[in-house]
Amino acid sequence: MTAAPFLRVQNLTRWYPIRRGVLRRTVGHIKAVDGVNLEIYPGETLGIVGESGCGKSTLARTLIALEEPTSGSIEVQLNGTLESVSTLTPDSWKDFRRSVQIVFQNPKEAMNPRMSVFDIIAEPLRIHGLRDVDELRKRVYELLTCVGLQPMHARRFPDAFSGGQLQRVGIARALALKPRLIIADEPVSALDVSVQAQILNLLGKLKHEFSLSYLFIAHNLNVVKYISDRIAVMYLGKIVEIGPAEHIFAQPRHPYTRSLMEALPATHPSRRKTMRTLLQGDLPDPASPPQGCRFHPRCRFATDICRTSVPVLQKSLDAHWTACHHSDTLSPYPV
Ligand SMILES: Nc1ncnc2c1ncn2[C@@H]1O[C@H](COP(=O)(O)OP(=O)(O)OP(=O)(O)O)[C@@H](O)[C@H]1O
Ligand code: SF4
Ligand SMILES: [Mg+2]
């Protein structure tokens, strides 16, 4: 990527204090996001995958400023140059709020059941100053049409929709302020497989129509592969591999990424393995991550250095970065 990124994240951490006792003393921290670096370029889709609890949603919420970072920086390009989100002027802050939107896994939980779809989609427009009733109606109807619904759906309430339709409403709401980046946190995980494909196709269509960037979070590597230009693999608060989607799939260099790949359903059921059979044990506690490489207690390639020294992301092939002491000496994939 040669263009300037739309968003740049450096050494980002988000720790949650663990408090105990009557005085609620802080006795430790859950290191949900622990030193993440990444960039999102205009018009690209960056997929993020990793096991449950590895910090994907915390990263999403921190990027959209729903949570404050514990440390590190988030910069955004609003007026041609990258500016730190923490020092934006009030006008630029409003612009940032408009430019970065989120779509949640479960739209029903994110919507007020007593609001009509019209009001759900119109709310961000009203907050950002659009008051004219005719203009609001026109814009809401346009947005509904964009996501494959109809103006008549505006009168209905969330309970009257299927999961897929409701996710379309969530996407319409996210589009209302003409954002540049949409953070989609597992937007299809709660949907039936047939509906998942429809929503993924819709997101692909909208990306081209509105020149959007996406940060697309999923458990399922196949879903991420389908939609992403680049993929970042997250493990226990850190990114352990990041690169172009086709490189990651053709030649995964991190043992954890390989385990995720091997867990993908094989075409023949007898060859199907679950992630639990391929990865020893559960994700460690993010309050006390293992020393050295965080993946070492579960890694079949671990050696002494892995137990003491933290591997940093190193560029291997073009724009493909891996944090593993032994990624250069692993046998070609698949083994
Ligand atoms: N508000 C919070 N307070 C304390 N701990 C939290 C909070 N939010 C998240 N965590 C912890 O941070 C870690 C990362 O959680 P997060 O929800 O970001 O993971 P995730 O990768 O999105 O998981 P999933 O795939 O299940 O959605 C977990 O250990 C979680 O329990
Ligand atoms: S650094 Fe060592 S333990 Fe970590 S993934 Fe690489 S080989 Fe495995
Ligand atoms: Mg999550």
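In what follows, the structure referred to is the one given above.
Residues numbered from 1 in each chain as written. Chains lettered and ligands numbered in written order. Predicted model: local features only at pLDDT ≥ 70, side-chain atom pairs only at ≥ 80, totals over all residues. Heavy atoms only, no water.

(A) Region of the structure containing the sheet that holds strand β1 (residues 7-20). What the four strands build is an open sheet, ordered β2-β1-β4-β5; its pairing is antiparallel. At either end of the open sheet lies a strand with only one pairing partner, and these are β2 (25-40) and β5 (82-84). The sheet shows a mean angle of 30 degrees between the axes of neighbouring strands, direction not considered. By the bridge criterion, twelve bridges tie β1 to β2 in an arrangement that is antiparallel. Among the inter-strand pairings, Y16 is bridged to a residue of β2, identified as I30. (Pairing = 2+ DSSP bridges. Helix = DSSP H or I, 4+ residues; strand = E, 2+ residues; numbered from the N terminus. Axes fitted to C-alpha atoms, helices over the stretch in contact; angles between N-to-C directions.)

(B) Spatial organisation of the environment of D119. Among the structural elements, D119 can be located in helix α4 (residues 117-127). Among the residues examined, D119 registers a relative accessible area of 26% and is labelled partly exposed. In this structure, the C-alpha to C-alpha distance between D119 and F157, residues 38 residues apart in sequence, is 9.6 Å. (Buried < 20%, exposed > 50% of the residue type's maximum accessible area, 1.4 Å probe, protein only.)

(C) Structural view of the site of ligand 1. Contacts to ligand 1 come from 15 residues, most closely from S52, G53, K56, S57 and T58. Within the contact set of ligand 1, an oxygen atom lies 2.8 Å away from a side-chain nitrogen or oxygen of K56. Burial of ligand 1 by the protein amounts to 64% of the accessible area it has alone, namely 630 Å². Elements that contribute at least two residues to the shell around ligand 1 include exactly β2 and α1 (56-63). Of all the elements, α1 adds the most residues to the shell around ligand 1, at four residues. When the residues that make up the shell around ligand 1 are grouped by side-chain class, the tally is five nonpolar, six polar and four charged. (Near = heavy atom within 4 Å. Polar contact = N/O pair within 3.5 Å; in protein donor to acceptor, adjacent residues only side chain to side chain. Areas by Shrake-Rupley, 256 points an atom, 1.4 Å probe, with all protein chains shown as cover. Nonpolar A, V, L, I, M, F, W, Y, C, P; charged D, E, K, R; others polar.)

(D) Structural view of the sheet that holds strand β7 (residues 181-185). The sheet built from eight strands is open, its strands ordered β6-β7-β8-β3-β9-β10-β12-β11 with mixed pairing. The open sheet has two free edges, formed respectively by β6 (100-103) and β11 (314-315), since each of these has just one partner strand. In the packing of helix α2 (residues 90-99) onto the sheet, contacts are made with β6 and β7, and the angle to β6 comes to roughly 35 degrees. The strands that helix α6 (residues 163-175) touches are β6 and β7; relative to β6, the one it contacts most, it runs at about 175 degrees. (Contact = heavy atoms within 4.5 Å.)

(E) Just the environment of C54, in detail. If you trace the backbone, C54 turns up in the loop between β3 (45-49) and α1. Classification of C54 as buried rests on a relative accessible area of 0%. In this structure, the C-alpha to C-alpha distance between C54 and P311, residues 257 residues apart in sequence, is 18 Å. Those residues in contact with C54 that lie beyond four places of it in its chain are A32, M234, Y235, L236, G237 and L283.

(F) Quick peek at helix α10 (residues 255-262). When you tally the buried positions in α10, you get eight out of eight residues, the bulk of the element. Considered for burial, the residues of α10 that qualify are P255, Y256, T257, R258, S259, L260, M261 and E262.

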